[in-house]
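Fold and geometry: a report
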Amino acid sequence: MAERRLVNQIKTLRFLAGEMTQAELGDKIGVTRQTIAAIEQGRYSPTLEAAFRIASALGKRLEDVFQWTE
Amino acid sequence: MAWREKTAWITLLAMIATYGAYFSLISQAHMSPIAMLELFGGLTVALTICVIVATAVMAVLAGRDARGQPDERDRAVARRGASIAYYVLLVGVISVGVIMPFEEQGWGITNAALLVLVAAEAVRQIVVVASYRRSWHG
């Protein structure tokens, strides 16, 4: 079975959302700037709740922000 | 660097310096039990003061990063550190409390128990640092 991984478009969507900074997004969803950076770089997979919060803060659906790809 | 990684580094380095000095001294010199207790107590107080001062200085330099509550990633890292350190403590307690009494007595056992506590805490801090560095989030 091919290995699948979670990827995300947070960096692009932050830019499109008025060049929102990592710190601003972190403040909106209740995590640190470093955690947003780790999520963006694929070094940390957020909880489902945090993923929904990120999508909501960016005004997008969950699947627009996170994808489960091969 | 995440704020909690910085505090883990501070605690780890201070622990290595102070308890490294303690166990090095008691292994080289013959000391009375009272002298050992005084040394251990004194070094523990010095460690606590060093960690508080260093953390306060780092908090001033870190600004808003230091004022935030731990988030889900910080809590995941902390859980990982505590769960791995638990096994170190478990093995240490069994060794000191069950096996050592057949071969050692008195202050040898006491110092081994102290070493187990220090080792478990050091492992906890090492796992925290490594988890932030290596992106291990159990």
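Okay, the overall build of chain B next. The helix and strand tally for chain B stands at four helices and zero strands. The principal-axis extents of the C-alpha atoms in chain B amount to approximately 50 × 30 × 20 Å. For chain B, the residues scored as buried account for 18% of the 138 residues in total. If you take every contact in chain B between residues at least 6 apart in sequence, the share linking residues at least 24 apart comes to 80%.

This brings us to the overall build of chain A. When you go through chain A residue by residue, the secondary structure sums to five helices and two strands. Helices and strands in chain A line up, N terminus first, as β-α-α-α-α-α-β. Over its C-alpha atoms chain A spans a radius of gyration of 12 Å, differing by no more than 12% from the 11 Å that the globule rule assigns to 70 residues. Out of the 70 residues in chain A, the part that is buried amounts to 31%.

Should pLDDT be low for a region, the predicted coordinates there are not to be read in detail. All names here are of chain B. Scored by pLDDT, chain B comes out at a mean of 91, with 99% of its residues at no less than 70. Taken element by element, chain B is modelled with least confidence in helix α2 (residues 33-62), mean pLDDT 92, and with most confidence in helix α3 (residues 72-99), mean pLDDT 95. Predicted complex metrics record ipTM = 0.85 and pTM = 0.85.

Of all hydrophobic cores here, the largest spans 15 residues; its most connected members are Ile 29, Ile 39, Ile 54, Ala 57, Leu 58 and Val 65 of chain A. Of all the secondary-structure elements, those providing two or more residues to this core are α2 (22-29), α3 (33-40) and α4 (48-57) of chain A. Counting residues per element, this core draws most heavily on α4 of chain A, which supplies four residues. By size, the runner-up hydrophobic cluster in this structure holds twelve residues, among which are Trp 3, Ala 8, Val 77 and Val 96 of chain B.

It is worth spelling out the interface of chain B and chain A at this point. Between chain B and chain A, the residue contacts involve eight residues of the former and ten residues of the latter. Of the residues belonging to the side of chain B that touches chain A, the class tally is one nonpolar, three polar and four charged.

Each α-helix turn comprises 3.6 residues. Residues three or four places apart therefore point the same way. Residue and element names in this part refer to chain B. The terminal C-alpha atoms of helix α4 (residues 107-134), which comprises 28 residues, lie 39 Å apart, in line with the 40 Å expected from a rise of 1.5 Å per residue. Of the positions making up α4, those classed as buried are Val 116, Ala 120, Arg 124, Gln 125, Val 127, Val 128, Val 129, Ser 131 and Tyr 132. Looking at the buried positions of α4, the neighbouring elements they touch are α1 (3-28) and α3. Ser 135 sits one or two positions beyond α4 and adopts a positive phi of about 60°.

Think of two packed helices as two axes; the pair is described by the angle between the axes and how far apart they sit. All names here are of chain B. Taken N-terminus to C-terminus, the directions of α1 and α4 make an angle of 155°; their axes are 9 Å apart at the nearest point. Between α1 and α4, the interaxial angle falls into the category roughly antiparallel. For α1 against α4, the interelement crossing comes out left-handed. For the pair α1 and α4, the contacting residues are Glu 5, Ala 8, Trp 9, Thr 11, Leu 12, Met 15, Tyr 19, Phe 23 and Ile 26 in the first and Asn 111, Leu 115, Val 118, Glu 121, Ala 122, Gln 125, Ile 126, Val 128, Val 129 and Tyr 132 in the second. Looking at side-chain class alone, the contact of α1 with α4 contains 14 nonpolar, three polar and two charged residues.

Looking only at α3 of chain A, the buried set comprises Gln 34, Thr 35, Ile 36, Ala 38 and Ile 39 of chain A. Tucked inside the fold, the buried residues of α3 of chain A contact β1 (5-8), α1 (10-16) and α2 of chain A together with α3 of chain B. Residue Gly 42 of chain A follows α3 of chain A closely and has a positive phi angle near 75°.

A separate point is the environment of Glu 63 of chain A. All names here are of chain A. Looking at the secondary structure, you find Glu 63 in helix α5 (residues 62-65). Residue Glu 63 is classed as exposed on the basis of its 9 C-beta neighbours within 10 Å. Between the alpha carbons of Glu 63 and Glu 19 there is a distance of 21 Å; along the sequence they are 44 residues apart.

About the thresholds
Residues numbered from 1 in each chain as written. Chains lettered and ligands numbered in written order. Predicted model: local features only at pLDDT ≥ 70, side-chain atom pairs only at ≥ 80, totals over all residues. Helix = DSSP H or I, 4+ residues; strand = E, 2+ residues; numbered from the N terminus. Buried ≥ 20, exposed ≤ 12 C-beta atoms within 10 Å, placed from the backbone. Contact = placed C-beta atoms within 7 Å. Rg over C-alpha atoms; globule rule 2.2 N^0.38 Å. pLDDT = per-residue confidence, 0-100. Core = buried A, V, L, I, M, F, W, Y, C linked by C-beta atoms within 7 Å. Nonpolar A, V, L, I, M, F, W, Y, C, P; charged D, E, K, R; others polar. Expected span 1.5 Å × (residues − 1). Axes fitted to C-alpha atoms, helices over the stretch in contact; angles between N-to-C directions. Parallel < 35°, antiparallel > 145°, perpendicular 65-115°, else oblique. Left-handed = near helix turned anticlockwise from the far one by under 90°.

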